[in-house]
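One letter stands for each residue in the lines below.
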Amino acid sequence: MLQKLISPLTEPELRTLEEMGRRHPFAEFRFRARGIVALNAKCKSGLIAQVLGVTEQSVYNWAKWWREDGLVGLLGGHKGGRPVKLTAEMVESAVNIGATEALTLEGIKQRVRERFPEAPDFSIDRLAARLKERRFSYKRCRLSLKKSVLNKNL
């Protein structure tokens, strides 16, 4: 069973994986490379998982990715996680809305929600961060001005 997880590595593959296991900037990829090298050395997947501090299923996943796509499979890996709340299309819409009208973040958020009613709810902070990434500035409300206007009307 162990030999069927991966086929024997060639010398260049082994050198590449050993180097990647030592020097890759991301720990996740270093673990994957070390796992494949250990599988090549006929170590048991349970032992590899225990030494690397991962589940045995992770080791099986790495072997599958290696068999299917080689090094590219190891570098790609897991694509899961929570879906984004603000898609690129929504951010682009927010920029366009903010550029055409002088609105606060709350106003921009309301207009985006009107345009994308089925999209998940997102926070003002998330919107501000995405707009800042795009180097877009928006109108900021000053509470002191609002208070003085309110006091005059009373």
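All values reported here derive from a predicted model rather than from experimental measurement. Counting starts from 1 at the beginning of each chain's written sequence and moves along it residue by residue. Reporting in this predicted model follows two pLDDT cut-offs: at least 70 for local features of residues, and 80 or more for side-chain atom pairs to be given and counted; totals over whole chains, interfaces and linings ignore these cut-offs and use all residues. The basis for every side-chain value is the complete set of heavy atoms in the structure, and neither hydrogens nor water enter the calculation.

Would you take a moment to explain the overall build of the protein chain for this structure?
Only DSSP runs of H or I reaching four residues or more are called helices, and only runs of E reaching two or more are called strands; each is numbered from the N terminus. Regarding its fold elements, the protein chain presents ten helices and zero strands. The N-to-C order of helical and strand elements in the protein chain reads α-α-α-α-α-α-α-α-α-α. Within the protein chain, the proportion of its 154 residues that are buried is 33%. Sequence separation of 24 or more characterises 53% of the internal contacts of the protein chain that already satisfy a separation of 6 or more. Split by element, the accessible area of the protein chain, about 10700 Å² in all, is 54% carbon and sulfur. The buried label applies to any residue whose accessible area, calculated with a 1.4 Å probe on protein chains only, is under 20% of its type's maximum; exposed applies above 50%, and partly exposed to all values in between. Any pair of residues with heavy atoms lying within 4.5 Å of one another is described as a contacting pair. Each accessible area is a Shrake-Rupley estimate made with a 1.4 Å probe; only the visible protein chains count as cover when residues are assessed.

In this structure, what is going on with the packing of aromatic side chains? I would like to understand it.
By convention here, two paired aromatic rings are described through the distance between centres and the angle between planes. Any Phe, Tyr or Trp ring, taking Trp's six-membered ring, that has another such ring centre within 6.5 Å forms a pair; planes under 30 degrees apart are called stacked, those over 60 apart edge-to-face, and the others tilted. For the structure on display, the rule yields one aromatic pair. Here the aromatic rings of Phe26 and Phe29 are separated by 6.0 Å at their centres, their planes lie at 90 degrees, and the arrangement is edge-to-face. Whether a charge sits over a ring depends on NZ of Lys or CZ of Arg being within 6 Å of the ring centre and within 35 degrees of the ring normal. The aromatic ring of Phe122 is capped on one face by Lys109, whose charged end is 5.6 Å from the ring centroid.

Looking at this model, I keep getting lost on the packing of helix 3 (residues 27-40) against helix 5 (residues 56-69). Mind explaining?
A packed helix pair is summarised by two numbers, namely the angle formed by the two axes and the spacing between the axes. Between helix 3 and helix 5, the least distance of the axes is 10 Å, while the angle of their chain directions is 85 degrees. In this view, helix 3 runs roughly perpendicular relative to helix 5, as classed from their interaxial angle. Note on element contacts: helix 5 touches helix 3 through Val59, Trp62, Ala63, Trp65 and Trp66, opposite Phe31, Arg32, Gly35, Ile36 and Leu39. Put simply, Ala, Val, Leu, Ile, Met, Phe, Trp, Tyr, Cys and Pro go in the nonpolar bin, Asp, Glu, Lys and Arg in the charged bin, and everything else, Gly too, in the polar bin. A breakdown of the residues in the contact of helix 3 with helix 5 according to their chemical character gives eight nonpolar, one polar and one charged. With axes taken as lines fitted to C-alpha atoms, and helix axes fitted only over the stretch in contact, angles between N-to-C directions fall between 0 and 180 degrees. Angles below 35 degrees are treated as roughly parallel, those above 145 as roughly antiparallel, those between 65 and 115 as roughly perpendicular, and all remaining angles as oblique.

Hey, could you run me through the side chain of Ser45 in this one?
Tracing the sequence through the fold places Ser45 in helix 4 (residues 45-52). Owing to a relative accessible area of 4%, Ser45 belongs among the buried residues under this scheme. Pairs of N or O atoms within 3.5 Å make up the polar contacts considered here, provided that, within protein, one atom can donate a hydrogen while the other can accept it, and that residues adjacent in sequence are counted only when both atoms are side-chain atoms. A distance of 2.7 Å separates polar atoms of two side chains, one belonging to Ser45 and the other to Glu56.

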